[in-house]
Amino acid sequence: NLDCLPSLQLATELESALNDGALKGHYQPIIDIQTGNLVSVEMLSRWIDGPSGTISPSVFIEAAEKSGLIMPLTLWCLHCGLRESSQWQKVPENVSLAINFSTLVLTDPHLPEVIHSALSLWGLPASRLTVEVTESAIMSDPERCLETLNWLSDQGVKVAIDDFGTGYSSLSYLKQLPVDIIKIDQSFVTNMLHNVPDRNIVQSVIDLARNFGLIVVAEGVEDLHTYDELVDMGCTRIQGYCVSKPMSSEDLEQWCENPQWRKTQNRVKDKASNF
Ligand code: C2E
Ligand code: MG
Ligand code: MG
């Protein structure tokens, strides 16, 4: 049982896992609601055969953050994600790779050179990379984060605010930061069909994004009723189990050959032809 593992021991095991190649990148599709096209994939790390089977990142990211392993882990993500992206044959070439960055990564002074060398090693343009950051990561050191995010944006890297609505949701940073994408937290999306306040929050974030000229992604969309409702509400992108769960690089390639999400694509077209 993981709860019994002292965090120091977990960190030590994670360090070995990083060195032994026991981490794997999984990729979850993000699709454009209008065209049904795959536009981005979010990389979500998986620790295969950890101390208790496959361990979810919600457990080991915290251990990585506390033990100084978050930068090595993010470095691993960048290289693994960009290497696999550069080798994809069936994933469309313009599909962007989204990677999660925590505070300690955003404020690391070596970040620019780390990103620059990873992109040039794998021969990909900065426009193929999206960085996902949370509101709380930004608020923990707004000045440093502003500097880093401006640098990333100047290079052509896209910036997404993850789990939007759960943090401080300070609107002033939307004015100052070079944000391209807002991701509505799944906690609001999950119950939006049955919970009026949740639905109101989702609609408000969609409207906010539209007014700022930003792309808006609904996270955690599990069923097609929610999908349809999000189309009507003006959402631009969808991520969730109703499109696909996160999958290995090999499975993503197969999925692109025989894309399940075409079902939903036809759905959008059917809806459009009803008007
Ligand atoms: P996140 O960035 O908000 O990622 C979305 C999470 O929602 C993922 O959980 C994904 O598997 C899950 N999800 C996607 N669609 C659905 C759905 O339809 N229903 C439900 N119930 N869940 C859905 P996961 O992979 O367990 O990751 C949890 C969090 O851990 C991520 O949240 C992210 O903040 C963090 N994380 C994952 N990989 C990394 C990493 O390599 N580096 C860093 N710094 N953080 C990571
Ligand atoms: Mg994310
Ligand atoms: Mg999220």
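See the structure above.
Residues numbered from 1 in each chain as written. Chains lettered and ligands numbered in written order. Predicted model: local features only at pLDDT ≥ 70, side-chain atom pairs only at ≥ 80, totals over all residues. Heavy atoms only, no water.

By the definition in use, this model includes one cavity of 30 Å³ or more. In this model, the largest cavity occupies a volume close to 60 Å³. For the largest cavity, the full set of lining residues is Ile30, Ser40, Ala98, Thr130, Glu132, Ala160, Ile181, Lys183, Val217 and Arg237. Elements with a contribution of two residues or more to the lining of the largest cavity: β5 (129-134) and β7 (181-184). Taken together, the residues of the lining of the largest cavity break down into five nonpolar, two polar and three charged. (1 Å grid on protein atoms, 1.4 Å probe; cavity = no way out; pocket = protein on both sides within 12 Å on 5 of 7 lines; lining within 4 Å. Points joined across faces, edges and corners; volume = space filled by probe spheres on them. Helix = DSSP H or I, 4+ residues; strand = E, 2+ residues; numbered from the N terminus. Nonpolar A, V, L, I, M, F, W, Y, C, P; charged D, E, K, R; others polar.)

What follows covers the site of ligand 1. Residues in contact with ligand 1 amount to 22 residues; listed here are only the nearest, Ser45, Arg46, Asp162, Glu222 and Tyr241. One of the side-chain nitrogen or oxygen atoms of glutamine 28 is found 3.0 Å away from a nitrogen atom of ligand 1. One of the backbone N or O atoms of tyrosine 241 is found 2.8 Å from an oxygen atom in ligand 1. Judged by the fraction of its atoms near the pocket grid, ligand 1 is located in the largest pocket. (Near = heavy atom within 4 Å. Polar contact = N/O pair within 3.5 Å; in protein donor to acceptor, adjacent residues only side chain to side chain. Sits in = over half its atoms within 2 Å of the grid points.)

Taken together, the protein ligands of the magnesium ion (ligand 2) are Glu42 (OE), Asn100 (OD1), Glu132 (OE) and Asp162 (OD), with distances of 2.0 to 2.2 Å. In primary-sequence terms, the residues that donate to the magnesium ion (ligand 2) follow E-x57-N-x31-E-x29-D. Between the magnesium ion (ligand 2) and the magnesium ion (ligand 3) the interatomic distance amounts to 4.2 Å, and aspartate 162 serves as a bridging ligand to the pair. In this pair, glutamate 132 is assigned in strand β5 and aspartate 162 in strand β6 (residues 158-164), connecting sequence segments 30 residues apart. Classification of glutamate 132 by relative accessible area gives buried; the value is 2%. According to the relative accessible area criterion, aspartate 162 is buried, its value standing at 7%. (Donors = N, O, S within 2.8 Å, 3.2 Å for Na, K, Ca; no water. Buried < 20%, exposed > 50% of the residue type's maximum accessible area, 1.4 Å probe, protein only.)

What follows concerns the pairing of strand β1 (residues 23-32). The buried fraction of β1 is high, at nine of ten residues. Here nine bridges tie β1 to strand β2 (residues 38-50), and the two strands are oriented antiparallel to one another. Paired with isoleucine 31 across the strands is leucine 38, a residue of β2. Where β1 folds back on β2, the antiparallel hairpin that results is connected by five residues, among which glycine 36 adopts a positive phi of roughly 75 degrees. Taken together, the two bridges between β1 and strand β10 (residues 247-248) define a ladder with antiparallel strand orientation. Looking at the pairing, tyrosine 27 lines up with methionine 247 of β10. With two bridges joining them, β1 and strand β9 (residues 237-238) adopt antiparallel strand pairing. Bridge assignment links aspartate 32 to a residue of β9, and that residue is arginine 237. (Pairing = 2+ DSSP bridges.)

So, about the pairing of β7. Neither face of β7 is left uncovered, since the one carrying Ile181 and Lys183 and the one carrying Ile182 and Ile184 both have all their residues buried. Bridge count between β6 and β7: three bridges; the pairing is parallel. Within the sheet, the bridge partner assigned to alanine 160 lies in β7 and is isoleucine 181. Where β7 and strand β8 (residues 215-218) come together, four bridges link them in parallel fashion. If you follow isoleucine 181 over to β8, its bridge partner there is isoleucine 215.

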